[in-house]
Amino acid sequence: VVDVSKAKAPDKYVICNADEGDPGAFMDRSVLESDPHRVLEGMAIAAYAVGASQGYIYVRAEYPLAVKRSGWPSSRRKARPAGRDICGTNFSFNIDHPAGGGRVCVRRGNRPHRSPSRAPRAAASAPAVPGGGGALGHAHADQQRGDVRQRGAHPAQRRRVVRLHRHAEEQGHEGLRAGRPHRQHRAHRGADGHHAAGYHLRHRRRHPRGRRFKAVQTGGPSGGCIPEQFLDMPVDYESLAKVGSIMGSGGMIVMDETSCMVDVAKFFMEFCMSESCGKCIPCRVGTAQMYDLLCRISDGRGTHANLELLEDLCDMVKHTSLCGLGQTAPNPVLSTLKFFRDEYMAHIDHKRCPAGVCKMAAPSEVHA
Amino acid sequence: MSAVPRVVTMVIDGREVGAQTDQTILEVAREHGISIPTLCYLKGLSPIGACRMCLVEIKGQAKLLPACVTRAADGLEITTNSPRLQEYRKTIIELLFAERNHVCAVCVSNNHCELQDMARSLGVTHIRVPYRYPRFSVDASHKRFSADHNRCILCARCVRVCDEIEGAHTWDIMGRGIDCRVITDMNQPWGASDTCTTCGKCVHVCPTGTLTEKGVAAAEMKKRGQFLPYLTAMRGAKE
């Protein structure tokens, strides 16, 4: 890790990655569309801290409003976050906002680029502070309280935007102070829905609609599923990593008993397979093979040997892939296997999907 | 970036070796007779670290690092051939065999194929992953050469040699993930390419029977890649 503030270079950069490609992630979008100044100011603060003069916001092209607003004329507010001599100081900072190419990995020639590094070449080799839209947006809020803290600061002080979906009772965004337990977020009020009503979860675990909580999936396709026993765990980078998940993009998918974990793993693997750039072999072929194996298992054609092979491939793809996409692609499979192995077994041994999601292949196909 | 390379000492597989900081681990290892398997690497072309065959373990580093692009540094303790690495390498070869339609018996490059040699030397005797049997075409539109995508491992040697050595950049890669394939120009038939100089460099750096000369029968396509070190040495001397 390079300390950008101490690095000696003629040009330094602040890069804001607002090209969230995870399925169902709208954290950067909500921040950029509703309060783009928050991000611009966060970048200016980061730039001031490290002595950068140029910033890039890499905005997802599919968010036209965010593209438009991230380039809002800075003069709308008295305290301009970008431009020359910001806030009466002699500090100048310019922000450009190239739009994305619609993919997680952008490939140019025979060289793949993960999205943030698509900023001009010079930026790629110069010292740069990368940060997600959500994190930089909160740099502004933190600074107003007198402390600029980002990843790397004290875990309990960091802030993130998370988004809750699927079976959460109240879907939407929450600016969370890292460190609060899952249960206290709306996630808990989601599938369980008792905190607000004052019930202890151990006493009544029923969803208002009568369904039981099963898991929270955090971090998008690179993350993992966290079962009920860890609901009291604080939501911060370290604790999530301990149970095999990540903060990642900040998406939180709350799932109740009508979700099949094999199906969830299959869904994320399909995403990774289609987002793989194809440069390195483990990610290109490994994700495709893992997806095929998950399909076999989910429609009742899987065997114990398939499961064993799937685990071998997970280990191999995780440790040999070239970039973060492949290195984290097996995570949803590994975490569902860790906590919900019985569901895989039900598909393999009994040709049955406990959640009633997966359609089983006709018996003639099973023995084919 | 320090312009002047320094001399450092490292340990590769228990042997102390001297190296310069502008050398890669792979170059140092080969200099000292330690073999590390590679597929996409070819001396004289820019290394891309794509095939992941040359991954090595470095003491104190959690991640495995590709020897072809990792620079030598003082005090590195490198393991090139642990049981874990062997297992990963075998799986990579298995994935490649299952990815496309590699049928050695009818291949013009049978017995002169780097993929086949690699499988043999690593002891890959069977493929555990299901074969994918994709449908790929054969492009025989060029008057001297043909391209059989069923045998391609996407090492991008053809792309690099055409761009870096010949300077034509006829070859490139189209698509993403499992749908990737090499193309000529903007996905036109090779024979219709107006950038191709018919130099044949791509054919002779291709590790498998994908790019071949026309008029050879099964097992007859011997690749002659000797031109590459010669060309790069001559160019280096000129500059």
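Below or above, wherever it landed, is the structure these notes cover. From a predicted model like this one, the values you see are computed outputs, not experimental measurements.

### Details of the overall build of chain A
Stage number 1. Along its length, chain A carries 14 helices and eleven strands.
Stage number 2. Every one of the 368 residues in chain A was classed for burial, and the buried ones make up 55%.
Stage number 3. Pairs at least 24 apart in sequence give 65% of the contacts found in chain A among residues at least 6 apart.

### Notes on the overall build of chain B
Stage number 1. A count of helical and extended segments in chain B gives six helices and ten strands.
Stage number 2. The C-alpha atoms of chain B give 19 Å as radius of gyration, which agrees with the globular expectation for 239 residues (18 Å, within 12%).
Stage number 3. Oriented by its inertia axes, the alpha-carbon framework of chain B measures out at about 55 × 50 × 30 Å.
Stage number 4. Burial analysis of chain B (239 residues in total) assigns 51% to the buried set.
Stage number 5. If you take every contact in chain B between residues at least 6 apart in sequence, the share linking residues at least 24 apart comes to 60%.
Stage number 6. Counting only carbon and sulfur atoms, one obtains 52% of the accessible surface of chain B, whose full area is about 11400 Å².
Stage number 7. In chain B, 30 side chains carry a positive charge and 25 a negative one; their mean positions are 3 Å apart.

### Focus on the interface of chain A and chain B
Stage number 1. With 31 residues of chain A at the interface, the matching set in chain B holds 34 residues.
Stage number 2. For the pair chain A and chain B, the two sides together bury roughly 2700 Å², of which 59% comes from carbon and sulfur.
Stage number 3. Linking chain A with chain B are four salt bridges, by the criterion used here.
Stage number 4. Between B:Arg132 and A:Asp292 there is a salt bridge, with the nearest N and O atoms lying 2.8 Å from each other.
Stage number 5. At the boundary of chain A with chain B, the tally comes to 15 residue pairs in polar contact (both at pLDDT 80 or more).
Stage number 6. Put simply, the parts of the chain that give the side of chain A that touches chain B at least two residues each are strand E4 (105-108), helix H8 (261-275), helix H9 (281-298) and helix H10 (304-320) of chain A.
Stage number 7. Grouping the constituent residues of the side of chain A that touches chain B by class yields eleven nonpolar, eleven polar and nine charged.

### Side note on the sheet that holds strand E7 (residues 145-148) of chain B
Residues and elements named next belong to chain B.
Stage number 1. Strand order in the open sheet formed by three strands is E6-E7-E10, with antiparallel pairing between adjacent strands. Edge strands, defined here as strands with exactly one partner in the open sheet, are strand E6 (138-139) and strand E10 (211-213).
Stage number 2. Looking at chain direction, E7 and E10 are connected through three bridges and run antiparallel. Counted as the bridge partner of Ala147 is Leu211 from E10.

### A look at the nonpolar core
Stage number 1. Grouped together as the largest cluster of nonpolar side chains are 79 residues, with contacts concentrated most on A:Val333, A:Tyr344, B:Leu39, B:Ile93, B:Trp171 and B:Leu211.
Stage number 2. With nine residues, H9(A) is the largest single contributor of residues to this core.
Stage number 3. Residues contacting B:Leu39, with those up to four places away along its chain left out, are B:Cys51, B:Met53, B:Ile93, B:Leu96, B:Glu114, B:Leu115, B:Met118, B:Ile153, B:Cys155 and B:Arg157.
Stage number 4. A:Ala18, A:Leu32, A:Ala46 and A:Tyr63 belong to the second largest nonpolar core, which has 23 residues in total.

### Overview of the packing of helix H2 (residues 83-99) of chain B against helix H3 (residues 114-122) of chain B
Residue and element names in this part refer to chain B.
Stage number 1. Contact pair H2 / H3: the axes reach a minimum separation of 10 Å and the direction vectors enclose 140°. Comparing the axis directions of H2 and H3 gives the class oblique. In the packing of H2 onto H3, the handedness of the crossing is left-handed. Contact residues: H2 offers Arg89, Lys90, Ile93, Leu96 and Phe97, while H3 offers Leu115, Met118, Ala119 and Leu122.
Stage number 2. Residues belonging to the contact of H2 with H3 are distributed by class as follows: seven nonpolar, no polar and two charged.

### Considering the pattern of salt bridges
Residues and elements named next belong to chain B.
Stage number 1. In this structure the tally under the stated criterion is 15 salt bridges over all chains.
Stage number 2. Across the salt bridge formed by Arg84 and Glu57, the nearest N and O atoms sit 3.8 Å from each other. Here Arg84, found in helix H2, pairs with Glu57, found in strand E3 (residues 55-58); they are 27 residues apart in sequence, far enough to count as distant.
Stage number 3. A salt bridge links Lys201 to Glu166; the nearest nitrogen and oxygen atoms lie 2.6 Å apart. Within this pair, whereas Lys201 is found in helix H5 (residues 201-205), its partner Glu166 is found in helix H4 (residues 157-166), the two being separated by 35 residues in sequence.
Stage number 4. Using a relative accessible area of 13% as the deciding quantity, one classes Lys201 as buried.
Stage number 5. Glu166 gets classed as partly exposed once you look at its relative accessible area, which sits at 27%.

### Examining the pairing of strand E1 (residues 13-18) of chain A
On any regular strand, side chains alternate: one points to one face of the sheet, the next to the other face.
Residues and elements named next belong to chain A.
Stage number 1. Among the six residues that make up E1, five are buried, leaving the element largely enclosed by the rest of the structure.
Stage number 2. Inspection of the sheet shows E1 paired to strand E2 (residues 54-59) by six bridges, in the parallel sense. Counterpart to Tyr13 in the pairing with E2 is Gln54.

### Some remarks on the sheet that holds E3(B)
Residue and element names in this part refer to chain B.
Stage number 1. With respect to topology, five strands assemble into an open sheet ordered E2-E1-E5-E3-E4, the strand pairing being mixed. Since the sheet does not close on itself, it has two edges, and those belong to strand E2 (15-20) and strand E4 (65-66), each with one partner.
Stage number 2. Where strand E1 (residues 7-12) lies against E2, six bridges are found, and the strand directions are antiparallel. Bridged to Met10 within E2 is Val17.
Stage number 3. Sitting on the sheet, H2 is in contact with E3 and strand E5 (77-79), with an inclination near 160° to E3.

### Topic: the pairing of strand E10 (residues 224-227) of chain A
Residues and elements named next belong to chain A.
Stage number 1. Taking every second residue as pointing to the same face, both faces of E10 are buried, with Gly224 and Ile226 on one and Cys225 and Pro227 on the other.
Stage number 2. With four bridges connecting them, strand E9 (residues 213-218) and E10 associate as antiparallel partners. Its bridge partner being in E10, Gln217 is matched across the sheet by Cys225.

### Some points on the packing of H8(A) against helix H13 (residues 341-349) of chain A
Helix-helix packing: each pair is described by the crossing angle between the helix axes and the interaxial distance.
Residues and elements named next belong to chain A.
Stage number 1. Relative to each other, H8 and H13 sit at 95°, their axes nearing to 8 Å. As summarised for this structure, H8 and H13 are arranged roughly perpendicular, according to the angle between their axes. Contacts from Met261, Val262 and Ala265 of H8 reach H13 at Glu343, Tyr344 and His347.
Stage number 2. Broken down by class, the residue content of the contact of H8 with H13 amounts to four nonpolar, one polar and one charged.

### Some thoughts on H2(B)
For an α-helix, 3.6 residues make a turn, and residues three or four places apart therefore share a direction.
Stage number 1. Between its first and last C-alpha atoms H2(B) spans 24 Å; for 17 residues at 1.5 Å apiece the expected length is 24 Å, and the two agree.
Stage number 2. Across the 17 residues of H2(B), twelve count as buried, placing the element largely inside the fold.
Stage number 3. Buried residues along H2(B) sit against H9 and H10 of chain A together with E3, E5 and H3 of chain B.

Reading guide: rules and limits
Residues numbered from 1 in each chain as written. Chains lettered and ligands numbered in written order. Predicted model: local features only at pLDDT ≥ 70, side-chain atom pairs only at ≥ 80, totals over all residues. Heavy atoms only, no water. Helix = DSSP H or I, 4+ residues; strand = E, 2+ residues; numbered from the N terminus. Buried < 20%, exposed > 50% of the residue type's maximum accessible area, 1.4 Å probe, protein only. Contact = heavy atoms within 4.5 Å. Rg over C-alpha atoms; globule rule 2.2 N^0.38 Å. Areas by Shrake-Rupley, 256 points an atom, 1.4 Å probe, with all protein chains shown as cover. Lys, Arg positive; Asp, Glu negative; His and termini not counted. Charge placed at Lys NZ, Arg CZ, Asp CG, Glu CD. Buried area = accessible area lost by both parts, 1.4 Å probe. Salt bridge = Lys/Arg side-chain N within 4 Å of Asp/Glu carboxyl O. Polar contact = N/O pair within 3.5 Å; in protein donor to acceptor, adjacent residues only side chain to side chain. Nonpolar A, V, L, I, M, F, W, Y, C, P; charged D, E, K, R; others polar. Pairing = 2+ DSSP bridges. Core = buried A, V, L, I, M, F, W, Y, C linked by side-chain atoms within 4.5 Å. Axes fitted to C-alpha atoms, helices over the stretch in contact; angles between N-to-C directions. Parallel < 35°, antiparallel > 145°, perpendicular 65-115°, else oblique. Left-handed = near helix turned anticlockwise from the far one by under 90°. Expected span 1.5 Å × (residues − 1).

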